[in-house]
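Below are the chains, spelled out letter by letter.
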Amino acid sequence: MSRVCQVTGKRPMVGHNVSHANNKTKRRFNPNLQEHRFWLESEKRYIKLRVSRKGMRIIDKVGLEQVLKDIAEREKEERN
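What counts and what doesn't
- Once a new chain begins, its residue numbering starts again from 1 and follows that chain's sequence as written.
- For a predicted model such as this one, the threshold for reporting local features is a pLDDT of at least 70, and the threshold for listing and counting side-chain atom pairs is 80 or more; totals across whole chains, interfaces and linings nevertheless cover every residue.
- Side-chain descriptors were evaluated using all non-hydrogen atoms of the structure, hydrogens and water having been removed beforehand.
- A run of DSSP states H or I qualifies as a helix once it reaches four residues; a run of E qualifies as a strand once it reaches two. Both are numbered from the N-terminal end.
- The globule rule used for comparison is 2.2 Å times the number of residues to the exponent 0.38, while the radius of gyration itself is calculated over C-alpha atoms.
- For helices, the axis comes from a line fit to the C-alpha atoms of the stretch in contact; other axes are also lines fit to C-alpha atoms, and the angle between any two N-to-C directions lies between 0 and 180 degrees.
- In what follows, roughly perpendicular refers to angles from 65 to 115 degrees, roughly parallel to angles under 35, roughly antiparallel to angles over 145, and oblique to any angle outside these ranges.
- Here, two residues are considered to be in contact whenever any of their heavy atoms come within 4.5 Å of each other.
- Each residue gets one of three labels, nonpolar for Ala, Val, Leu, Ile, Met, Phe, Trp, Tyr, Cys and Pro, charged for Asp, Glu, Lys and Arg, and polar for the others, Gly among them.
- Residues belong to one nonpolar core when they are buried, are Ala, Val, Leu, Ile, Met, Phe, Trp, Tyr or Cys, and are joined through side-chain atoms within 4.5 Å.
- Burial here depends on accessible area, computed with a 1.4 Å probe over protein chains only, as a share of the maximum for the residue type. Under 20% is buried, over 50% is exposed, and the range in between is partly exposed.
- By definition here, a helix of n residues has an expected span of 1.5 Å times n minus one.
- Working definition: the arc comes from the directions between the helix axis and the C-beta atoms, pointing outward to the latter.
- Take a side-chain nitrogen of Lys or Arg and a carboxyl oxygen of Asp or Glu: if they are within 4 Å of each other, that pair is a salt bridge.
- A patch is a set of surface residues, each over 30% in relative accessible area and not in a salt bridge, joined within 9 Å for like charges and within 5 Å for the nonpolar side chains Val, Leu, Ile, Met, Phe, Trp and Tyr.
- Note on areas: these come from Shrake-Rupley sampling with a 1.4 Å probe, and a residue is covered only by the protein chains present in the view.
- Just so you know, the count uses Lys and Arg for positive and Asp and Glu for negative, and it drops His and the chain ends.
- In this description, the location of a charge corresponds to atom NZ of lysine, CZ of arginine, CG of aspartate or CD of glutamate.

## Section: the overall build of the chain
For the chain, the count of helices and strands is two helices and four strands. In the chain, the succession of helices and strands from N to C terminus is β-β-β-β-α-α. Relative to its length of 80 residues, the chain is extended, with a C-alpha radius of gyration of 17 Å against a globular reference of 12 Å. With respect to the three principal axes, the spread of C-alpha positions in the chain is 55 × 30 × 25 Å.

## A few points about the packing of helix α1 (residues 53-62) against helix α2 (residues 64-79)
Following both chains from N to C, one finds α1 and α2 inclined at 120°, their axes separated by 7 Å at the closest point. Considering the angle they form, α1 stands oblique to α2. Along its contact with α1, which presents I58, I59 and V62, the element α2 presents L64, Q66 and V67. Residues that form the contact of α1 with α2 fall into these classes: five nonpolar, one polar and no charged.

## Examining the nonpolar core
Among the nonpolar cores identified, the biggest contains 13 residues, and V7, F38, I47, L49, V51, I59 and L64 are the most heavily contacted of them. Secondary-structure elements contributing two or more residues to this core are β3 (33-40), β4 (45-52), α1 and α2. In this structure, L49 is in contact with Q6, Q34, E35, H36, F38, I59, L64 and L68, ignoring residues within four places of it in sequence.

## Here's the deal with α2
Over its 16 residues, α2 runs 23 Å from end to end, which matches the ideal 22 Å to within 8%, given 1.5 Å per residue. Buried within α2 we find L64, V67 and I71. One side of α2 carries all its buried residues, which in axial view fall inside an arc of 65°. In α2, the exposed positions angled more than 90 degrees off the buried face are occupied by K76 and E77. Buried residues belonging to α2 abut β3, β4 and α1.

## Some points on the pattern of salt bridges
Counted by the stated rule, this structure contains three salt bridges. Here E35 and K48 are joined by a salt bridge, their closest N and O atoms 3.9 Å apart. With E35 in strand β3 and K48 in strand β4, this pair connects stretches of sequence that are 13 residues apart.

## A few points about a negative patch on the surface
Taken together, the side chains of D70, E73, E75, E77 and E78 present a region of like negative charge at the surface. Along the chain, E77 turns up in helix α2.

Any link to function would need more than the numbers given here.
Shown next as structure tokens:
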């Protein structure tokens, strides 16, 4: 499974570890992903999403129904 947030679309970034001697080595900055179960009241069931912490805050702010609608629209656009 890829390390991509299903709500925000955040992906790993690439950067450097920098030592005291200023040597640079490649590294990845992964998003803070959590696999979380959310209760979907309209369907009376749980759904499991892989979301970043920011994605959870967005769900708290605008609601799960709206977020799922946005995800469906985004997937529909990607197919076309």
